[in-house]
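The residues making up each chain are set out below.
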Amino acid sequence: ETYVKAMERNHLESEFLQGVICVHKSEFKNAQAHIDRARELLDAELTALVGESYSRAYRIIVQAQQLAELEEVIMYKQSESPVERAHIRKMWNQRLQGCQRNVDVWQQVLEVRSLVVSPEEDIPTWLSFSSLCRKSGRLALSLDILHNLMGQDVDVYVSRYEAKAGSAPAINLAALTVIRYPEVNYALLKHMWAVGY
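First, a word on what this report is: a plain description of the structure on this page. The structure displayed is predicted, hence computed values, not measured ones.

Thresholds, definitions, all that
- Residues numbered from 1 in each chain as written.
- Predicted model: local features only at pLDDT ≥ 70, side-chain atom pairs only at ≥ 80, totals over all residues.
- Heavy atoms only, no water.
- Helix = DSSP H or I, 4+ residues; strand = E, 2+ residues; numbered from the N terminus.
- Buried < 20%, exposed > 50% of the residue type's maximum accessible area, 1.4 Å probe, protein only.
- 1 Å grid on protein atoms, 1.4 Å probe; cavity = no way out; pocket = protein on both sides within 12 Å on 5 of 7 lines; lining within 4 Å.
- Points joined across faces, edges and corners; volume = space filled by probe spheres on them.
- Nonpolar A, V, L, I, M, F, W, Y, C, P; charged D, E, K, R; others polar.
- Expected span 1.5 Å × (residues − 1).
- Contact = heavy atoms within 4.5 Å.
- Axes fitted to C-alpha atoms, helices over the stretch in contact; angles between N-to-C directions.
- Parallel < 35°, antiparallel > 145°, perpendicular 65-115°, else oblique.
- Left-handed = near helix turned anticlockwise from the far one by under 90°.
- Phe/Tyr/Trp six-rings, centres within 6.5 Å; stacked < 30°, edge-to-face > 60°.

Below, the discussion takes up the environment of Glu-111. Turning to its location among the elements, Glu-111 is positioned in helix H6 (residues 103–113). For Glu-111, a relative accessible area of 45% corresponds to the partly exposed category. Counting along the chain gives 45 residues from Glu-111 to Gln-66, while the straight-line C-alpha distance between them is 8.9 Å.

What follows is the structure, encoded as structure tokens:
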């Protein structure tokens, strides 16, 4: 909040972040006002970029999606109906499948959703994101996601042996069985394979 206050006023990013802060504080009316202002700023930028190139305009389209989903986060927080919440989550998952398979795009979209749905509550989506990160060479981010899903440090699962130069670390399979979700185990093993363990 301190950093956002120091940002330039009437700027798309500062309006968006102020909206996020208001959502955190459950000040939904103020959040909506910031979202509306951000949307006005976005409209001017989008109009200018649409004629130039698809790739430059796509970044703005993702920001428009973030604003729409921030509004849906408000709806999610205000709703007490499990059916309505499930509908919103299903819509988010379908929408994400239509996004470019780009780490930065997925990260922007998932950050907004994480305001109300933790990674542990949406494991398949976050495992897909981890896989996308791994395949894109963003191994540190992939490992961070797996770390969050496991709820503990990945080093618990990997023992590093330095007896001989070039020897591979051993996987502590006993520790892997402790993880609650087998699909996370599998994703961790794929990650370890990708980095040469």
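Once you've had a look at it, read on.
To continue, consider empty space enclosed by the protein. For the structure shown, the criterion picks out one cavity of 30 Å³ or more. Considered as a void within the structure, the largest cavity measures approximately 60 Å³ in volume. Lining of the largest cavity is provided by Arg-89, Trp-92, Asn-93, Leu-110, Arg-113, Val-117, Asp-122 and Trp-126. If you list the elements that add at least two residues to the lining of the largest cavity, you get helix H5 (82–97) and H6. Counting residues per element, the lining of the largest cavity draws most heavily on H5, at three residues. Within the lining of the largest cavity, the residues separate by chemical class into four nonpolar, one polar and three charged.

The next point concerns the layout of surface pockets. Estimated volume of the largest pocket: approximately 290 Å³. Lining the largest pocket are 14 residues, with Glu-13, Phe-16, Leu-17, Gln-66 and Gln-108 sitting closest to its centre. Among the elements of the structure, helix H2 (12–24), helix H4 (54–78) and H6 are those that each provide at least two residues to the lining of the largest pocket. The biggest single contributor to the lining of the largest pocket is H2, with five residues. Considered class by class, the residues forming the lining of the largest pocket number seven nonpolar, four polar and three charged.

For helix H3 (residues 28–50), with 23 residues, the first-to-last C-alpha span of 31 Å sits near the 33 Å given by 1.5 Å per residue. Inspection of H3 places Phe-28, Ala-31, Ile-35, Ala-38, Leu-41, Leu-42 and Leu-49 among the buried residues, and these make up the whole buried set. Where H3 is buried, its residues contact H2 and H4.

Let us look at the packing of H2 against H4. For any two helices packed against each other, one specifies the crossing angle of their axes together with the interaxial distance. The geometry of H2 relative to H4 is characterised by a closest axis approach of 11 Å and an angle of 15° between their N-to-C directions. On the basis of their axis angle, the class for H2 and H4 is roughly parallel. In this structure, the crossing between H2 and H4 has a hand that is left-handed. Counted together, Leu-12, Phe-16, Gly-19, Val-20, Val-23 and His-24 of H2 and Gln-63, Gln-66, Leu-67, Leu-70, Val-73, Ile-74 and Lys-77 of H4 form the full contact between these two elements.

All right, on to unusual backbone geometry then. Not every positive phi belongs to a glycine, and Asn-10 is a case in point at roughly 55°. By the element assignment, Asn-10 lies in the loop between helix H1 (2–6) and H2. With a phi angle near 60°, Ser-26 is a residue other than glycine that sits in the positive phi range. You can see Ser-26 is positioned in the loop between H2 and H3.

The full count for this structure, using the stated rule, is three aromatic pairs. For the ring pair Tyr-76 and Trp-92, a centre distance of 5.9 Å and an interplane angle of 25° mean the geometry is stacked. Linking Tyr-76 in helix H4 with Trp-92 in helix H5, this pair joins segments that are 16 residues apart in sequence. Each member of the pair, Tyr-76 as well as Trp-92, is classed as buried. Centroid distance Trp-106 to Phe-129: 6.5 Å. Interplanar angle 20°. Geometry classified as stacked. You can see Trp-106 sitting in helix H6 and its partner Phe-129 sitting in helix H7 (residues 123–135), a full 23 residues away along the chain.

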